[in-house]
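Survey of secondary and tertiary structure
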Amino acid sequence: MKIIKTNTYEDMSRIAANLIASQVTVKPNCVLGLATGSTPIGTYEELVKRVKSGELDFSEVTSINLDEYKGLSPENDQSYRYFMNEHLFNHINIKKENTYVPNGLEADAVKACADYDAIIKKFGPIDLQLLGLGPNGHIGFNEPADHFVPSTNCVDLAQATIDANARFFSSIDEVPKQAYTMGIGTIMQAKKVLIIANGAKKAEIVKKAFFGPVSPQVPASILQLHGDVTVVVDAEAGKLLD
Ligand code: GLP
């Protein structure tokens, strides 16, 4: 595991974008696993700049997103499909038909998960998986649990996650209670993993996830067992690391 401590959110974003850009340059038809949340917004802004300047070409890239709220349509401005379009896909030359997000409108959870696993099987393994870190150590929407779930699953969101994500909704009651998420097994099969975190509120969980015991109670801790993980943090999120 490689840990890169940067000074600012902008530095973290630039370094994360460098690593993604290298992947796309070395393998133009690569499969990227992508994440939502506030952490990767700066990384996506950097990638957009580079595509606009002609430095970077996403025309052959396939993307597979980590997760989606169950019950939200792609047009809902809180859906993760909407987020990806707004922050990345609408501004780069990726083909929209090559971008995948779980279908939040599929009410049948077994079908939604099986359909997404079929997509992952068709295009995977993921070449580079970008991850943010939930305040409770979740990756994607894989919440603390008694075991690591291998494949796409429907999760009941932890209260901590509902509370943390309420800031994006007009009231906490509007936060969906369930989501579809790529499984931990799929994330672990990615050839490379890039995880980013910023801000003082992530400092404790960064230390716990990457230097504490590996446990499904801290889902990101399993990344300690992956052979090619890069953690990029800003000074605040990395302040408890030596
Ligand atoms: C959400 C997403 C995660 C994300 C996490 C952290 O719940 N499902 O993929 O990493 O929250 O979000 P933020 O980057 O806003 O701290």
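Quick note: structure is the one above.
Residues numbered from 1 in each chain as written. Predicted model: local features only at pLDDT ≥ 70, side-chain atom pairs only at ≥ 80, totals over all residues. Heavy atoms only, no water.

1. With respect to the overall build of the protein chain
Threshold: Only runs of H or I of at least four residues qualify as helices and only runs of E of at least two qualify as strands under DSSP, and these elements are numbered from the N terminus. Two things to know: the radius of gyration comes from C-alpha atoms, and the globule rule equals 2.2 Å times the number of residues to the power 0.38. The buried label goes to any residue with under 20% of its type's maximum accessible area, the exposed label to any with over 50%, and the partly exposed label to all in between, with areas taken from a 1.4 Å probe on protein chains only. Contacts are assigned to residue pairs with any non-hydrogen atoms lying within 4.5 Å of each other. His residues and chain termini do not enter the charge count, which takes Lys and Arg as positive and Asp and Glu as negative. Charge positions come from single atoms, namely NZ of Lys, CZ of Arg, CG of Asp or CD of Glu.
For the protein chain, the helix and strand inventory stands at seven helices and ten strands. A compact globule built from 242 residues should have a C-alpha radius of gyration of about 18 Å, and the protein chain, at 17 Å, falls within 12% of that. Its C-alpha atoms give the protein chain principal-axis dimensions of roughly 45 × 40 × 35 Å. Within the span of the protein chain, comprising 242 residues, buried residues form 53% of the whole. Across the protein chain, every contact between residues at least 6 apart in sequence was considered, and the portion connecting residues at least 24 apart equals 79%. Here the protein chain contributes 23 positively and 29 negatively charged side chains, and the mean placements of these two sets differ by 5 Å.

2. Observations concerning the state of the cysteines
This is how the line gets drawn: For the purposes of this analysis, a disulfide is any pair of cysteine sulfur atoms at a distance within 2.5 Å.
Under the counting rule described, the total for this entry stands at zero disulfides. No disulfide involves Cys 154; its sulfur sits 6.1 Å from that of Cys 113, the nearest cysteine. Look at Cys 154 and you get partly exposed, because its relative accessible area is 27%.

3. Re unusual backbone geometry
In this structure, Pro 125 follows Gly 124 across a cis peptide bond, with omega equal to 0 degrees. The topology assignment puts Pro 125 in the loop between helix 4 (109-123) and strand 6 (128-131).

4. Brief notes about the site of the ligand
Just so we agree on the cut-off: The near set for a molecule or strand comprises every residue that places at least one heavy atom within 4 Å of it. Counting of polar contacts relies on pairs of N or O atoms within 3.5 Å, with two restrictions inside protein: one atom must be capable of donating a hydrogen and the other of accepting it, and residues adjacent in sequence are counted only when both atoms are side-chain atoms. Each accessible area is a Shrake-Rupley estimate made with a 1.4 Å probe; only the visible protein chains count as cover when residues are assessed. A 1.4 Å probe that fits into a set of points on a 1 Å grid over the protein atoms alone but cannot get out defines a cavity; an open set with protein on both sides within 12 Å along at least five of seven lines defines a pocket, and lining residues are those with an atom within 4 Å of a point. By definition, a pocket or cavity contains a molecule when more than half of the molecule's atoms lie within 2 Å of the pocket's grid points.
Around the ligand, the structure places 14 residues, and the nearest of them are Ser 38, Thr 39, Asp 67, Phe 141 and Lys 202. Between the ligand and the protein, one listed contact pairs an oxygen atom with a side-chain N or O atom of Asn 165 at 3.1 Å. Taken by itself the ligand offers 390 Å² of open surface, and the protein chains cover 97% of this. More than half of the atoms of the ligand fall within 2 Å of the grid points belonging to the largest pocket.

5. Brief notes about the pairing of strand 2 (residues 31-34)
Under the convention used in this document: At least two DSSP bridges between two strands are required for those strands to pair. The handedness of a crossover follows from its direction of travel: if, with the strands pointing away from the viewer, the path from the first strand over the helix to the second runs clockwise, the crossover is right-handed.
Residues of strand 2 alternate between two faces, with Val 31 and Gly 33 on one and Leu 32 and Leu 34 on the opposite face, all of them buried. As paired strands, strand 2 and strand 3 (residues 62-65) are joined by four bridges and run parallel to one another. Residue pairing across strands places Gly 33 opposite Ile 64, the latter belonging to strand 3. Since strand 2 and strand 3 lie parallel, the crossover through helix 2 (residues 41-52) that links them has a hand, and here it is right-handed. Pairing between strand 2 and strand 6: two bridges, direction parallel. In the strand pairing of strand 6, Gly 33 is matched with Gln 129.

6. Focus: the layout of surface pockets
Spelled out, the test is: Grid points are joined across faces, edges and corners, and a volume is the space filled by probe spheres set on the points. Note on residue categories: nonpolar means Ala, Val, Leu, Ile, Met, Phe, Trp, Tyr, Cys or Pro, charged means Asp, Glu, Lys or Arg, and polar means any other residue, Gly included.
Approximately 570 Å³ is the volume attributed to the largest pocket. Thr 36, Gly 37, Ser 38, Tyr 80 and Asn 165 are the residues nearest the centre of the largest pocket, which is lined by 34 residues in total. Here the element with the most residues in the lining of the largest pocket is helix 3 (residues 80-87); it accounts for five residues. In this structure, the second largest pocket spans a volume of roughly 220 Å³. In terms of lining, the second largest pocket is formed by Lys 2, Ile 4, Leu 19, Ser 22, Gln 23, Val 26, Leu 128, Lys 192, Val 193, Leu 194, Asp 228 and Thr 230. Broken down by secondary-structure element, the contributors of at least two residues to the lining of the second largest pocket are strand 1 (2-5), helix 1 (9-26) and strand 9 (192-197). Split into classes, the residues belonging to the lining of the second largest pocket amount to six nonpolar, three polar and three charged.

7. Here we look at the pairing of strand 6
In summary, the side chains of a regular strand alternate between the two faces of the sheet. Covered by surrounding structure in strand 6 are Leu 128 and Leu 130 together with Gln 129 and Leu 131, the residues of both alternating faces. As paired strands, strand 6 and strand 9 are joined by four bridges and run parallel to one another. When the sheet's bridge partners are listed, Leu 130 is paired in strand 9 with Leu 194.

8. Digging into the nonpolar core
Put simply, the rule is: Here the nonpolar core consists of buried residues drawn from Ala, Val, Leu, Ile, Met, Phe, Trp, Tyr and Cys, with membership extended through side-chain atoms lying within 4.5 Å.
Leu 32, Phe 58, Leu 88, Ile 195 and Leu 223 are the most contacted members of the largest nonpolar core, which has 58 residues in total. Broken down by element, this core gets its largest block of residues, six residues, from helix 1. If near-sequence neighbours (up to four positions away) are discounted, Ile 195 is found in contact with Leu 131, Gly 132, Leu 133, Ile 139, Phe 210, Leu 223, Val 229, Thr 230, Val 231 and Val 232. Within the second largest apolar cluster, eleven residues are counted, among which are Tyr 80, Phe 141, Phe 169 and Val 175.

9. Brief notes about the packing of helix 2 against helix 3
Each packed pair of helices is defined by two parameters, the angle between the axes and the distance between the axes. What counts is decided by this rule: Here an angle of 0 to 180 degrees is reported between the N-to-C directions of two axes, which are lines fitted to C-alpha atoms, with helices fitted over the stretch in contact. Note that the term roughly parallel is reserved for angles under 35 degrees, roughly antiparallel for angles over 145, roughly perpendicular for angles of 65 to 115, and oblique for everything else.
At their nearest, the axes of helix 2 and helix 3 sit 10 Å apart, and the two run at 40 degrees to each other. Put simply, helix 2 runs oblique to helix 3. For the pair helix 2 and helix 3, the contacting residues are Ile 41, Tyr 44 and Val 48 in the first and Phe 83, Met 84 and His 87 in the second. Of the residues in the contact of helix 2 with helix 3, the class split is five nonpolar, one polar and no charged.

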